[in-house]
Amino acid sequence: MNFLRGVMGGQPTGPQPTGAETIQKLCDRVASSTLLEDRRDAVRALKSLSKKYRMEVGTMAMDHLVRILQTDRSDTEILGYALDTLYNIVCNDEEEEPEENQQKQEDDLGALFTDKFVQETENVTLLLTLLEEFDFHVRWPGVKLLTALLKNQCAQVQGIILVSPMGVSRLMDLLADSREVIRNDGLLLLQQLTKGNAAIQKIVAFENAFERLLDIITEEGSSDGGIVVEDCLLLLLNLLKNNSSNQNFFKEGSYIQKMKPWFEVGDDNSGWSAQKVTNLHLMLQLVRVMVSPVNSPGATASCQKAMFQCGLLQQLCTILMATGVPADILTETINTVSEVIRGSEVNQDYFASVNAPSNPPRPAIVVLLMSMVNERQPFVLRCAVLYCFQCFLYKNHKGQGEIVATLLPSTIDANSISAGQLLCGGLFSADSLSNWCAAVALAHALQDNLTQKEQLLRVQLATSLGKPPVSLLQQCTNILSQGSRVQTKVGLLMLLCTWISNCPIAVMHFLHNQDNVPFLTGQISENLGEDERLVQGLCALLLGICIYYNDNSLENYTKEKLKQLIEKRIGKENFVEKLGFITKHELYSRAAQKPQPAFSTPEHMLFDHEFTKLVKELEGMITKAVLKSSEEEKKEEEVKKTLEQHDSIVTQYKELIREQDSQIKELKEQVTLLTSQNEKMQSTVSQQLSQIQQHKDQYNILKLKLGKDNQQTGNQAEAAHVNGLQPEELNQLREQLEELQRQNQLLQTQLAEKDSLITSMKAEGVPSAEGSTSEVTELQREVELLKAQLQSQTAEITQLQRERQELLKGSETTAAVPGENSLYTEKIAELESRLSAQTAETQKFKGEVKTLLESRESMEKDLASATSTAAIMQAEKNKLQQEVQESKKEQDDLLMLLADQDQKILSLKQRLKDLGETIEDEDDLDSKDQFDDEEEEEEDEECDE
């Protein structure tokens, strides 16, 4: 104890030991003492020396302290001392402000001892288990120690915690601790733990971190809260930034709706504390994380929709139009609103309807543009307004049309300030930054919108009194030629390139001014300084667009003539080199990274993000168009024409195939219908044949019975009434039979005529598709007629069968009368003969129907071949008509040339006559020869007489 008193400040006796010796004795005491009190006193002494003798304590005592954590788990006091000592060793003291070299040494020591501690992964695992202790003296230093370890060796400690069972869950329990100091330090621990590790971020999010953090923010007073709110917001940013899974979980959990109360700042905005500004700044950043342009389009769109539906966008617009809001909060709010409305049609429409609380009310867009073109406003605020305007017009054709409409003569209101007037004012002001911002804003109103590019050509500007107005396009080129600043030139050139790209009408308007092309070629061919190289590249791009999108409507500036001009004045290789200056500029790659304009100084604002996309798209095409020769272009045009001709031929064949398909489909349907009808008829005939066979069998049975009865009775009685059958009725049956025979003969003659007709048609061939069709139709009608006749024959057969049945019944009832039996026998024989005759006729009709169907099929085949032949002949006819038309056109051209030649010959003869030359006209010679010939013919006629 005397030793400890000496160390702790008692009166020393003898020489003082050094710090290293004292620490060594204390370490020996910790390692060898059997009493817990002695070890506790030794560890407490090491704690008191750990700040002053950090190197010695860390080197000699770390292993002993770790052993204390392992063995003395029952005593919370010694655990607290050991944890505090380890914290002092690995932590870099940030409270004091030491010199630079000393701070570097402190950082090196912290990293050194942290590496030594985490080399054994069991040490970190042991620390995680100690955090389960509820005792304040253990839990609080354990949290601080683990936070220090994460600061010094974040990735290594994160890996150990990630594989530790329930490691992250133990740390999440710190947020539920009732002691604020542990909860607040737990927030700092989780901030370090979630840095740059997506796996841990997901685990923390699914441990209900969002709910707990939002509750803490609400409890602490939201934006009016203190540093704890800031820590919660920083942790939320860690969890959500660049983590699509957590963002989706945050949206699906309806946590976006809980963000709305954060932005209810109230009417009194006079006093804003620094902490409130920081909190609100982080809250706005949190909103931007959810709708960032780097997120997937689907996730961003769903978050934008949720923010509109819950009223968050409306609340942000309220802050945007409020008074007394600090400049940095206003700037960040503008940026946040920009990304909430970017690409969302509903949100963009709402933003267009927002009015500022002024008298009279003005649209928010107009108020913001007034700030953008005002050179007295802060630079960051002007950049934010430009970004907001760009996001408002992004994929918003309706908004683009509304902005351009404010520039057209029919919609200009002299009593109010419009967005178009502000943009024109900024475009032609003396401030180069206003020129650049207005040019870029106007270019976004034309982005991917051919209609508005053509509409903007109608805009006329009054430059001065007494002078005629000039077009906006011409005024832009006039300012370019006046030698403006580089920033102004770049802005105007970006506007012109965006305007005339993919718009041949705008290219024609640009080339119509005779001064534009010489100005561009002069700029490109000069050897200017480093600052002007970018202007040269943009001029080359503009001239290249004039070549690529040229429709050759101006004779003096066709594609070929512009390329020849480049080759003579500039040189193709030099032109391509100047064009490449754009993408080689250091500010080009910076602007291409993200849509938001982020520049350190106004002088660095040279490129727009959307324009970099346009350059990337056009550079290769323009280079290829300029280097391509006229022969290659002609070959490409010929190939295009050939392809177009092939396409037209293919289209014609497709139409022909479609027609043939429809015809084939109709014929197939007809064949199917006839086949089904034929099957029905065959089934009907087979049924009738079976019935006839049954009747024959019944008749044979009756015949046998009647034969037996005739042998028993030989008496022939008088002819009497047989079952009510009179002789007159028998005569009627005979007449019907004769009528059926006549009809049968008539049908046979008709069938013979048709067979002869079919034979003659086959011998002569099919004259045309129309004739084949009519004959097939006639055959179909005949088949239908035969079917009807066959059905009538079938009905008659059925009637005869009924009569036979009645006779059979009568024969059974009167079998005992011999005279009646003989009469029945005669009747049955007569009916039998009639039935056999009808059966034969039916078989004959069936054969004829089959023959006609076969003839019809052959006729249909002939019809198909005739149709194809007619189509081929029609195609040849069209081709010949086209050739005739071309020949007529060539003949007309030749006649025109001959007329011109005759006129020239007459004028030359007249000149020769004026000069005194005697000329014999060929016409006179021809008329003289003709006159001589006529005289000779008359003489010959007189001689003949």
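Participant: How should I be thinking about the overall build of the protein chain in this particular structure?
Facilitator: Assigned secondary structure in the protein chain consists of 41 helices and 4 strands. Scored against the burial criterion, the 945 residues of the protein chain give a buried share of 43%. A sequence separation of at least 24 residues applies to 72% of the contacts in the protein chain between residues at least 6 apart. Per element, the accessible surface of the protein chain, about 51,300 Å² overall, is 50% carbon and sulfur.

Participant: In this structure, what is going on with the environment of Gly 324? I would like to understand it.
Facilitator: Locating Gly 324 in the fold gives a position in the loop between helix H18 (312-321) and helix H19 (327-341). Between the alpha carbons of Gly 324 and Trp 272 there is a distance of 9.2 Å; along the sequence they are 52 residues apart.

Participant: What's the story with the packing of helix H31 (residues 533-548) against helix H36 (residues 609-627) in this structure? I'm lost.
Facilitator: A packed helix pair is summarised by two numbers, namely the angle formed by the two axes and the spacing between the axes. Look at H31 against H36: their axes get within 9 Å of each other, and the N-to-C directions meet at 60°. Handedness of the H31/H36 crossing: left-handed. On H36, the residues touching Leu 538, Leu 541, Gly 544, Ile 545, Ile 547 and Tyr 548 of H31 are Phe 611, Val 615, Leu 618, Met 621, Ile 622, Ala 625 and Val 626. Considering only residue class, the contact of H31 with H36 consists of 12 nonpolar, 1 polar and no charged.

Participant: Quick question: what am I supposed to make of the confidence of the model for the protein chain here?
Facilitator: Detailed reading of the predicted coordinates is not advisable wherever pLDDT falls low. Summing up the model confidence of the protein chain, the mean pLDDT is 81 and the portion of residues at 70 or higher is 77%. A low-confidence stretch, residues 1-13 (pLDDT under 50), is modelled with 7 contacts involving residues beyond four sequence positions or located in other chains. Note that residues 765-772 has pLDDT below 50 and, in this model, 8 contacts with residues that lie over four places away or in other chains.

Participant: In this structure, what is going on with the packing of aromatic side chains? I would like to understand it.
Facilitator: Inspection of the entire model under this criterion finds 11 aromatic pairs. On the numbers, 6.3 Å between centres and 85° between planes, the contact of Trp 436 with Phe 599 is edge-to-face. Of this pair, Trp 436 sits in helix H25 (residues 432-444) while Phe 599 sits in the loop between helix H35 (586-593) and H36, and the two are 163 residues apart along the sequence. Across the pair, Phe 599 and Trp 436 agree in class, each one buried. Joined through ring pairs, the aromatic side chains of Phe 206, Phe 210, Phe 249, Phe 250 and Tyr 255 make up one cluster. Seen from the ring of Trp 140, Lys 144 lies directly overhead, with NZ or CZ sitting 3.9 Å from the centre. When the ring centre of Phe 134 is taken as reference, the NZ or CZ atom of Arg 179 above it lies at 4.0 Å.

Participant: Teacher, can you tell me more about the pattern of salt bridges here?
Facilitator: Side chains that differ in charge, positive against negative, can pair when their charged atoms come close. All chains considered together, the criterion is met by 16 salt bridges. Where Glu 252 meets Lys 251, a salt bridge forms, and the shortest distance between an N and an O atom there is 2.9 Å. Overall, the relative accessible area of 53% leaves Glu 252 in the exposed class. Each of Arg 40, Asp 75 and Glu 77 takes part in salt bridges that share partners, so that together they form one network.

Participant: Explain the packing of H31 against helix H32 (residues 559-569) to me, please; I cannot follow it from the model alone.
Facilitator: Between H31 and H32, the least distance of the axes is 9 Å, while the angle of their chain directions is 150°. One element, H31, and the other, H32, form an angle in the roughly antiparallel class. Contacts between H31 and H32 involve Leu 543, Cys 546, Ile 547 and Tyr 548 from the first element and Lys 559, Leu 562, Lys 563 and Ile 566 from the second. Here the residues of the contact of H31 with H32 are counted per class, giving 6 nonpolar, no polar and 2 charged.

Participant: Where do I start with the state of the cysteines in this structure?
Facilitator: As used here, a disulfide is simply a covalent bond connecting the sulfur atoms of two cysteines. Going through the model one piece at a time under the given rule, you end up with 0 disulfides. Between Cys 383, a free cysteine, and Cys 437, which holds the nearest cysteine sulfur, the sulfur-to-sulfur gap is 6.3 Å. Taking the relative accessible area as the measure of exposure, Cys 383 reaches 7% and is therefore buried. Considering cysteine sulfurs only, Cys 391 is the nearest to Cys 388, which forms no disulfide, with 6.9 Å between them.

Participant: How should the environment of Val 685 be read in this particular structure?
Facilitator: Inspection of the secondary structure puts Val 685 in helix H37 (residues 630-712). Given a relative accessible area of 5%, Val 685 falls into the buried group. Taking the C-alpha atoms as reference points, Val 685 and Gln 843, 158 residues apart in sequence, are found 8.6 Å from one another.

Participant: Any chance you could explain a negative patch on the surface here in plain terms?
Facilitator: Taken together, the side chains of Glu 883, Glu 886, Glu 890, Asp 892 and Asp 893 define an acidic patch exposed on the protein surface. Relative to the elements of secondary structure, Glu 886 occurs in helix H40 (residues 818-914). The exposure class assigned to Glu 886 is partly exposed, which follows from its relative accessible area of 44%.

What counts, and where the lines are drawn
- Residues numbered from 1 in each chain as written.
- Predicted model: local features only at pLDDT ≥ 70, side-chain atom pairs only at ≥ 80, totals over all residues.
- Heavy atoms only, no water.
- Helix = DSSP H or I, 4+ residues; strand = E, 2+ residues; numbered from the N terminus.
- Buried < 20%, exposed > 50% of the residue type's maximum accessible area, 1.4 Å probe, protein only.
- Contact = heavy atoms within 4.5 Å.
- Areas by Shrake-Rupley, 256 points an atom, 1.4 Å probe, with all protein chains shown as cover.
- Axes fitted to C-alpha atoms, helices over the stretch in contact; angles between N-to-C directions.
- Left-handed = near helix turned anticlockwise from the far one by under 90°.
- Nonpolar A, V, L, I, M, F, W, Y, C, P; charged D, E, K, R; others polar.
- pLDDT = per-residue confidence, 0-100.
- Phe/Tyr/Trp six-rings, centres within 6.5 Å; stacked < 30°, edge-to-face > 60°.
- Lys NZ or Arg CZ within 6 Å of the ring centre and 35° of its normal.
- Salt bridge = Lys/Arg side-chain N within 4 Å of Asp/Glu carboxyl O.
- Parallel < 35°, antiparallel > 145°, perpendicular 65-115°, else oblique.
- Disulfide = S-S within 2.5 Å.
- Patch = residues over 30% accessible without salt bridge, like charges linked within 9 Å, V, L, I, M, F, W, Y side chains within 5 Å.
- Lys, Arg positive; Asp, Glu negative; His and termini not counted.
- Charge placed at Lys NZ, Arg CZ, Asp CG, Glu CD.

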